[in-house]
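Residue-level structural notes
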Amino acid sequence: MDFAPSISTQSLTRRFGELIAVDGVNLRVAPGQFFGFLGPNGAGKSTTIKMLTGLLAPSSGRIEILGLDLNTHPADVKRQIGVVPEGMALFGRLTGAEFLSFAGRMYGLDRETAAKRAAELLDFMQLADQPKKLVTDYSHGMQKKLAMAAAVIHGPKILFLDEPFEGVDAIAAGTLKAMLQRMIARGATIFLTSHVLEIVERLCSHLAIIHQGRLVAQGSLEELRAGVEAQTPAASDNGSQSSGEKLTLEEIFLRIVGGGRPADQELSWLS
Amino acid sequence: MKSAAVRSQLIAIAELRWRMFVNGLRTRRGKTELASRIIVTSIFAIGGFGAFAMAIGMSWFFVSDGRPEFLAIPLWGVFLFWQFFPVMATAFTNNPDSSELLRFPLTYRAYLLVRLAYGYFDPASALGSVGLLGVLIGVTGARPTLFPWTLLVLAAFALFNLVLMQMIFAWIERWLAQRRTREIFGVLCILFMLSFQLIGPIAGRLSKGPHPELRRDLQIAAEVQAVLPPGLATDAIAQVSQGRLVGGFTSLLFLTMLTLFVGFLLHVRIRAQFRGENLNEAPAPRKVKQARSLQLGWHLPGFSQPVAAVFEKEMRYLGRSGPMLLTLIMPIFMLLIFRFGAMNALRHSNSFARTPDMAFPGAAAYSLLVLTNLVYNSFGGDGGGMQFFYASPIQFRHILLGKNLTHAGVLLFNAAFAWIAVTYLYGAPDIAVTVATLAGLLFAAPLNFAAGNLLSLYSPKKRDFSTFGRQNVSQTTVLASFGMQIVIVGLGTAIFAVAHYYNDLWIAALLFLILAAISIPVYVLTLRRLDRLAVERRETLLAELCRA
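Residues numbered from 1 in each chain as written. Chains lettered and ligands numbered in written order. Predicted model: local features only at pLDDT ≥ 70, side-chain atom pairs only at ≥ 80, totals over all residues.

Our focus in this paragraph is the sheet that holds strand E9 (residues 189-193) of chain A. Residue and element names in this part refer to chain A. With respect to topology, six strands assemble into an open sheet ordered E7-E8-E9-E4-E10-E11, the strand pairing being mixed. Looking at which strands have only one partner, the edges of the open sheet turn out to be strand E7 (81-84) and strand E11 (214-220). Going from strand to strand, the sheet's axes swing by 15° on average, the running direction of each strand aside. The pairing of strand E8 (residues 158-162) with E9 spans five bridges and is classified as parallel. Each bridged residue has a counterpart across the sheet, and for Ile158 the counterpart in E9 is Thr189. (Pairing = 2+ DSSP bridges. Helix = DSSP H or I, 4+ residues; strand = E, 2+ residues; numbered from the N terminus. Axes fitted to C-alpha atoms, helices over the stretch in contact; angles between N-to-C directions.)

As structure tokens, this is what we get:
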């Protein structure tokens, strides 16, 4: 790979006492990529994204965002990225417009620009109908849309999204996807984690899979598929493969991380 | 649900609280919290011991002297302390929110019991109970045969106080939760304050010459207080001590009925909460889109956009927090109480001859005190928004500067309002008093802000702006802020005493300005250290504030 990466990590590691949540991860994400970061629960996805956005300090390793070392240039990096963290990072007792205007000014926009962009974003996200409603009274989907709006108000070069589609209905998800596609069209890089593999498959051009803190696969969907197929015998028990259909992302994911549960395990009071 | 199951749930909740306490000790912060709690409790215990000793002495004297009806004095003291202390000093109030238990199949009875039990673990309740124990010992010491009856009456009185405190908090929260009820409540508060105006003229009229009607008025007051809870408790003990059992039982019955009535009002509120009441202020969805004008953020001359944005955000948060606003206007309220309440009667005596001079400094000092909750836990109200601060490029020194500007704004507003109130109530404060007080604030505020900023990063606690008195406070913060206030108030008092000694209050102004010349650089230096500290404390802050 001969590109200058938007995001790169070297031996990124995070320990919580005895537990190694992220273990020597080396990531490279090219500019303009729509990058999906996948993994089972507890694999280290959120920990990694927190480290990439400055919300958590790595135990060791190095993070470079847009060629800048995050450890030594945190403010310069943060100025160029947008983040929708797991908890959405909202201020509940502001209205949507007040929060967006606040967010814009915190990223250095002047009052007029911040207010103008806030109004545009509220319209785009279909949140403009109830201007006096406090964020705390928004539905979960509305809060996700608002968090996304706040993350893009300053026109970031990279957008980090931790589970952006979790708990979001189809209409809100459509709005969010439209926003993300616009970001990609203008050359931004998007780094997202999600459990909704169908959406990731449709949106993302490149993927990485983390399992038990280690990066176990990285590349385009085709590269991952080829890798899995190369490792799997032709007489697979998978129906789609034997019938000549391509493996879905879900199948690729399950083969890489393993998804079985002991079939004989039962719950005493439900059996 | 059977009572055995309810008991099992209550035991599980008690075990949960115990496990949370024990698990909390695994961290260094948890251990610091425990040490702070022990120190704070010890300080309260000293005050409690004083009240306890006084209650024993008074009760013993009144009963031995054959005047048990005067037990009303300690009982009114306990009653007023129990009900007013949690409102006036919310920093020391520590009632965890029990609504998180509603997800479990808890019966209403169990939920109510948990709520009352949580309410009992509060300094006001603990000290109130100690005061009542003092009364019990005093009465028993004077007349041992009265022990069982006094125990019963005082237990009923304690229950009344506990239920009343919970009921007041629950209803104030309800009234402050929505704009319309908040406005009605605000008007009622103002009317209540204005009603104090009537006391002044009455007291003034009574203080001039002999007043045969004074005796009658006092008699009426005594009769009125006799039908109120402290009076009923007193009467129940007094009647039985004089052999009038029926009268005693009747008073206890009335007290029980009052407790039941207050309990019913509490039940109405708790029941609504139990059923999942949602008092949000969201207007009904409108089908027609409203025409909107561009909403520009606030401009703060001389400060950067981020600082102005934080200032605006903090002001909006305050404006939308009824409970917090109520706390912040308490200094004005206290002035009215001091002017027209019991202290007024003492102000003509020698020891209070200078009270009017000290009214403005006193109100200003109290204005600083009521800010404690905000200043020493600056990020408490931000909750998940804390992640936003960490993800944004702004430095923490600017965030805290914006917050401190808000605190300073509230302080100045309160001080200005206090000055107007003092002028109206006592006459305009002397120019030297005014300057000395402002210089005092110039010294005290930066010192408080510097300590508050550090504590906000070291011991954060999530705060709910919409609740009243059910905040989760850090004991370390309570201890540190308590210590800081003692130092500041002690210094201020000493400086005013020196100035009074030399009969020149300009000395106080000068001394405060000298101290301010030290405290302001201390504040600036501390502010510069905050960025590094915020990075070091990142995980603790996010873990504490962003949890659901």
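Our next topic: unusual backbone geometry. Residue and element names in this part refer to chain A. Here Leu66, not a glycine, exhibits a phi torsion of approximately 50°, which is positive. Relative to the helices and strands, Leu66 is located in the loop between strand E5 (60-65) and strand E6 (68-69). Residue class for Leu66 comes out partly exposed when judged on the 19 C-beta atoms lying within 10 Å of it. You will see that Ala89, though not glycine, has its phi angle at about 55°, which is positive. With respect to the helices and strands, the residue Ala89 is situated in the loop between E7 and helix H3 (96-106). (Buried ≥ 20, exposed ≤ 12 C-beta atoms within 10 Å, placed from the backbone.)

The end-to-end C-alpha distance of helix H5 (residues 123-142) of chain B, which contains 20 residues, comes to 29 Å, matching closely the 28 Å that a straight helix rising 1.5 Å per residue would cover. Three or more residues of H5(B) are buried, namely B:Pro123, B:Ala124, B:Ser125, B:Leu127, B:Gly128, B:Gly131, B:Leu132, B:Gly134, B:Val135, B:Leu136, B:Gly138 and B:Val139. (Expected span 1.5 Å × (residues − 1).)

Let us look at the environment of A:Ser139. Note that A:Ser139 resides in the loop between helix H4 (111-124) and helix H5 (140-152). C-alpha separation for the pair A:Ser139 and A:Asn41, spaced 98 residues apart in sequence, amounts to 25 Å.

Further remarks concern the pairing of E9(A). Residue and element names in this part refer to chain A. With respect to burial, E9 is a largely interior element, five of its five residues being buried. Neither face of E9 is left uncovered, since the one carrying Thr189, Phe191 and Thr193 and the one carrying Ile190 and Leu192 both have all their residues buried. Inspection of the sheet shows strand E4 (residues 34-38) paired to E9 by four bridges, in the parallel sense. Bridging across to E9, Phe34 finds its partner in Ile190. As for the winding sense of the linkage, the β-α-β connection from E8 through helix H6 (residues 170-185) to E9 is right-handed. (Right-handed = clockwise from strand over helix to strand, strands pointing away.)

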